[in-house]
Amino acid sequence: MFFKRKNQDSQCQRLEDQLSALSQNADAIKQKLELLTDLAETVRQYKFNTMQTMDQLDTGFRQHLNRLDTQLTQHFDQMDTHMTHHLNKIETHFSQMHSDVHKHDMAIEDLLDEWAEKKSDEDDIKAHLKEAGQTEKLLLELFEAYQEQFWNLKHYAASKDESWSSQISLMEKNLEHCRRSCTIHMIQDCGVSVDYDLHEVIEAIDTTDPSLDKTVAQIYRCGYLYKGKVIKKAQAAAYRFSDAAQKKC
């Protein structure tokens, strides 16, 4: 009976020890559960805070993106307006340049046409001037031939028939007006000083009169000027003062 009771006491003690150990384990587990519960609450709070922070960050980021998008949109709108304005100015400038170039081309074409017309007129004028020069040359040659024959006729009539001489002098006076109108001036006067630009002296005649020295004594062939230019010199005899002739006299 004693051993039985002792065994029971031993078993009770073991049970108590096991209960005590279980109680300790339960307390430990409870503490762990409390810790886990606190940890879970902490994690849940952290997660909640994190989600709020992320939401706030996401909202701020979105607002920032929206602001950037708005600014970029405004900037691109301004750039588009600015570029459109400049493109319009460039287009206007190029249109003006094109118009100016077209006007310049038209002006050049007009100048070329005018130059061609003037060149044609100039060629016509040159042809007319050349023809007029040839005609003038022929007329002067005809005048020289006529004047030479008229001069010979006048001197022949002066020596043969005074009536013819007076008639020829009258004709010469009437023709003088026509010669002057044609700017022709005769070189035929005697008694004037010798001008080697006008006279070709082919004979010298001695004289005792010093006032006659180097004056025209006689015209053998008349000369003439045309438009102020000597065309033909007059062939003349000129007086030459000589002391020997004076002593001889």
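Note: the structure precedes this text.
Everything numeric here is computed off the predicted structure, so don't read it as measured data.

## Topic: the sheet that holds strand β4 (residues 223-226)
Then comes step 1: With antiparallel pairing, the three strands of this open sheet are ordered in space as β1-β4-β5. The open sheet has two edge strands with one neighbour each: β1 (184-187) and β5 (229-232). For this sheet, the mean angle separating the axes of adjacent strands, direction not counted, is 30°.

## With respect to the sheet that holds strand β6 (residues 234-241)
Then comes step 1: Pairing in this open sheet of three strands is mixed, and the strands run β2-β6-β3 from one edge to the other. Whereas interior strands pair on both sides, the edge strands pair on one side only; in this sheet they are β2 (199-207) and β3 (216-221). Strand-to-strand, the axes of this sheet are offset by a mean angle of 25°, without reference to chain direction.
Then comes step 2: Both β3 and β6 contribute to a ladder of four bridges, which runs antiparallel. Each bridged residue has a counterpart across the sheet, and for I219 the counterpart in β6 is A236.

## Quick notes on the state of the cysteines
What is meant by a disulfide is a covalent connection between two cysteines, made through their sulfur atoms.
Then comes step 1: Applying the stated rule across the entire model yields zero disulfides.
Then comes step 2: No disulfide involves C178; its sulfur sits 6.9 Å from that of C182, the nearest cysteine.
Then comes step 3: With a relative accessible area of 42%, C178 lands in the partly exposed category.

## Regarding unusual backbone geometry
Then comes step 1: Of note in this structure, T183 is not a glycine but carries a positive phi near 55°.
Then comes step 2: By the element assignment, T183 lies in the loop between α2 (162-181) and β1.
Then comes step 3: You will see that K227, though not glycine, has its phi angle at about 55°, which is positive.
Then comes step 4: For K227, the location among the structural elements is in the loop between β4 and β5.
Then comes step 5: Under the relative-accessibility criterion, K227 is labelled exposed at 59%.

What counts, and at which threshold
- Residues numbered from 1 in each chain as written.
- Predicted model: local features only at pLDDT ≥ 70, side-chain atom pairs only at ≥ 80, totals over all residues.
- Heavy atoms only, no water.
- Pairing = 2+ DSSP bridges.
- Helix = DSSP H or I, 4+ residues; strand = E, 2+ residues; numbered from the N terminus.
- Axes fitted to C-alpha atoms, helices over the stretch in contact; angles between N-to-C directions.
- Disulfide = S-S within 2.5 Å.
- Buried < 20%, exposed > 50% of the residue type's maximum accessible area, 1.4 Å probe, protein only.

Interpretation in functional terms is not warranted from these geometric data alone.
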